[in-house]
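Breakdown of the fold
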Amino acid sequence: MSFQIPIGPQHPALKEPISLRMTVEGEVITGADIRLGYNHRGIEKLAEERNWTQIIYLVERICGICSHSHATCYVQGVEKLMELVPPRRGMYIRYLVAELERVHSHLLWLGVAGHEAGFDSFFMYTWRDREIVMDLLEMISGNRVHYAINTIGGVRRDIDEGQKAKILEGVAILKKRSEYYFHIGASEPSFVGRIAGVGMLSKEQAIALCAVGPTARASGWDRDVRKEDPYAVYDELDFEVATADSCDVLGRVVVRVKELLESYKMIEQMVKGLPDGDIVVKAPRKAKAGEVVSRYEAPRGENIHYIKANGTDKPERLKVRAPTLGNYPATLVMLNKGFIADIPLIFAAIDPCICCAERAVTLVSARSGEESVVTMGDLRRQALARSKNAPVKGNAVWPF
Amino acid sequence: MTDAELIEKLKADLGDRVEIANPARRRLFLKVAPEHLVAVVTRLRDAFGLVFLSTISGVDFGATFEIIYHFSTPEHDYNLRTEIPKDRPHVDSITPVIPGAILYEREIQDMFGIVVDGIPDGRRLVLPDDWPEGQFPLRKDWTFVRPEEVIPGGKS
Amino acid sequence: MLNKLARWSRIKSPWILHLNSGACNACDIEIVAALTPRFDVERFGILLKATPRHADVIIASGPVTRQMRDRIIRIYEQTPDPKFVIAVGACAMAGCVYRGAYNIMGGIDQVIPVNMYVPGCPARPDAIVDGVVKLLGKL
């Protein structure tokens, strides 16, 4: 007997309006589809009527969690169009904030993953640590989110010695705490057993469906824009690309945790090696006609902006493709043949930033057309009940 | 492989089906006619390892649309562009070659009104359900007049 | 007598429904951050509830997109009386940077009546808690 289950758009599990509808036979999902649109705000059309500086503020608000990555990707592109080279100190500050944002985003995600797997204390711990990063960002830029520290030609605010010392202090605390979380992961077999083997995506599938970010890296495909297309300071820093081979949600957790450690390393290198000098060069009002493709490694994957200028102070075309959109086809494949109880976990594992993709999701597949409504809260309760009784997967090991 | 060597290889392989520009380090812009699009993408995937598509952009030039396919490999970025007339906006789907292109093709269908032939699932992607047919927001000649806003408390 | 008891419990421990209508997520993360150990609204008895039928207060964020408009009205009608609506963030107040877009209607007050506005982009968790407490003080 197959049912069609609609979930959303208003529901308690995710913080964004999404509408899921999938066809199930018993407990197994047999099909999924996509319908987007709840979050579409028409930003690309708005951008054609604003000048280069105003668009920084518009593009920042595409997403609240990765706002700096959109702003930086855009500003990088415009600087190439205007043939500006920002001073080194400005670039170091810009990418320092970028790595701090990566830390805050991964800690946020770890909390959400713990919450979806039923591990609520983990959620509280990681969000408490996230407050350390938010305080550092507020100290540098003045706001907890939407830092607005970028401007065309550099950054707007400088950091002084006291702030540098505070950043290093904060990162040292976070490193100790993050290592504690790894021990939790290693010694908590129910957590590892809950997430191992869920949401499988083989390497061939990841390549064929053009997956991005930690989702692709957890399937063993090591693409990272910071290594391939090193913009600005990344070719001077020493770091590794984090990959995992298990192709499931456990692999994605491991990749993000490894990236946290790499980010701490990078932040320390950047703070200790901060060059002296100016932080900004003056930018012209108009940009010469031309086009540029700007890519950036946001916490969720590759962010790409295509900007076309026509010689005036407004762009001809701004195209934004945020990373989560690139992961949707892969998500459908992961959900197929999965269990209903795993839906919140699989969906959360791609780290969906639905507002980034400017849309929401309806997963639909029609077989018999019958409908029954299930809320996400019910799904999560079912999931927890199921995992309590399931035998612990003995061979699921924390690969650290 | 440096940019110059790659351009030589591409010219030797694809002949005069593409025109290549190299405006910046690592960035290649290839121009191809719409009827050769799928053949060129297939050849690039098989011989040059181009499997990763970042996105598909559309630009409205007035009388024509330009569609740009942004690919990348670890060493270079390839941006493949093609131009189609506005009064007959048809382009072939590349999903048989690159299955991950499906969502981006649906998006340009919604936003520009470009018809992608052979797309496996051509439903609406981003616009809401009650959006009127035939209105394509990203076309240059499409403008929007906002209705009067209601100010609670009575003043308008 | 029963009325007084009900009113006291509503003021002392309001249950909240979180509604996101097309926002960029920053305000929503700040609302969830209000539950975390640093700001900890649960010590005031404020609980984040799953369904509109249990809620006293709707906390709404985001500019209203065309697709979400009917859903917002439906959720408002499903919430039992007496109910209050708090609009959090500049988007929910008047649309923020998205004013003029073709898919945006403006603030939440274009669709449902709002009792309290909390400004900010995004509104800080302390400001959100302050807004809820002030609203309850007026009852």
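All values reported here derive from a predicted model rather than from experimental measurement.

1. Focus: the overall build of chain C
Secondary structure assignment for chain C yields five helices and five strands. Helices and strands appear in chain C in the N-to-C order α-β-α-β-β-α-β-α-β-α. Over its C-alpha atoms chain C spans a radius of gyration of 15 Å, differing by no more than 12% from the 14 Å that the globule rule assigns to 139 residues. Along the first, second and third principal axes, the C-alpha set of chain C runs to 50 × 35 × 25 Å. By the burial criterion, 51% of the 139 residues in chain C qualify as buried.

2. Comments concerning the interface of chain A and chain B
Listed by partner, the interface residues are 26 residues for chain A and 24 residues for chain B. Of all the elements in the fold, those that place two or more residues in the side of chain A that touches chain B are α1 (43-47), α8 (203-208), β7 (301-309), β8 (315-321) and α12 (323-335) of chain A. Sorting elements by how many residues they give to the side of chain A that touches chain B places β7(A) first, with four residues. In the side of chain A that touches chain B, the residues fall into eleven nonpolar, three polar and twelve charged.

3. Examining the packing of helix α4 (residues 88-116) of chain A against helix α11 (residues 249-272) of chain A
Residues and elements named next belong to chain A. Direction vectors running N to C along α4 and α11 enclose 155 degrees, while the axes themselves pass 9 Å from each other. One finds that α4 runs roughly antiparallel with respect to α11. Crossing handedness for the pair α4 and α11: left-handed. Facing α4, whose interface residues are Tyr92, Tyr95, Leu96, Glu99, Leu100, Arg102, Val103, His106, Trp109, Leu110 and Ala113, α11 presents Val253, Arg256, Glu259, Leu260, Ser263, Met266, Ile267, Met270 and Val271. In terms of residue class, the contact of α4 with α11 is made up of 14 nonpolar, two polar and four charged.

4. Structural notes on unusual backbone geometry
For the bond from C:Asp81 to C:Pro82, the omega torsion is -15 degrees, close enough to zero to count as cis. Within the fold, C:Pro82 resides in the loop between α3 (66-78) and β4 (84-88). Geometrically, the link from C:Cys121 to C:Pro122 is a cis peptide bond, its omega value of 0 degrees lying close to zero. If you trace the backbone, C:Pro122 turns up in the loop between β5 (116-118) and α5 (125-137). In this structure, A:His146 takes a positive phi of about 55 degrees despite not being glycine. Assignment of secondary structure puts A:His146 in the loop between α5 (120-141) and β4 (150-151). A:His146 gets classed as buried once you count the C-beta atoms within 10 Å, which come to 20. Even without being a glycine, B:Arg26 presents a positive backbone phi close to 75 degrees. One can find B:Arg26 in the loop between β1 (18-24) and β2 (27-32).

5. Looking at the sheet that holds strand β3 (residues 57-61) of chain C
Residues and elements named next belong to chain C. Read from one edge of the open sheet, five strands run β2-β1-β3-β4-β5, paired in parallel fashion. Among the strands making up the open sheet, the edge pair consists of β2 (47-48) and β5. Looking at chain direction, strand β1 (residues 15-20) and β2 are connected through two bridges and run parallel. The partner of Trp15 across the bridge, within β2, is Leu47. On the sheet, α5 packs against β3, β4 and β5 and is oriented at approximately 165 degrees with respect to β5.

6. Digging into the confidence of the model for chain B
Within chain B, residue pLDDT values average 83, and 93% of them lie at 70 or more. No element of chain B has a lower mean pLDDT than β1(B), at 83, and none a higher one than strand β4 (residues 64-72) of chain B, at 90.

Reading the values: the criteria
- Residues numbered from 1 in each chain as written.
- Chains lettered and ligands numbered in written order.
- Predicted model: local features only at pLDDT ≥ 70, side-chain atom pairs only at ≥ 80, totals over all residues.
- Helix = DSSP H or I, 4+ residues; strand = E, 2+ residues; numbered from the N terminus.
- Rg over C-alpha atoms; globule rule 2.2 N^0.38 Å.
- Buried ≥ 20, exposed ≤ 12 C-beta atoms within 10 Å, placed from the backbone.
- Contact = placed C-beta atoms within 7 Å.
- Nonpolar A, V, L, I, M, F, W, Y, C, P; charged D, E, K, R; others polar.
- Axes fitted to C-alpha atoms, helices over the stretch in contact; angles between N-to-C directions.
- Parallel < 35°, antiparallel > 145°, perpendicular 65-115°, else oblique.
- Left-handed = near helix turned anticlockwise from the far one by under 90°.
- Pairing = 2+ DSSP bridges.
- pLDDT = per-residue confidence, 0-100.

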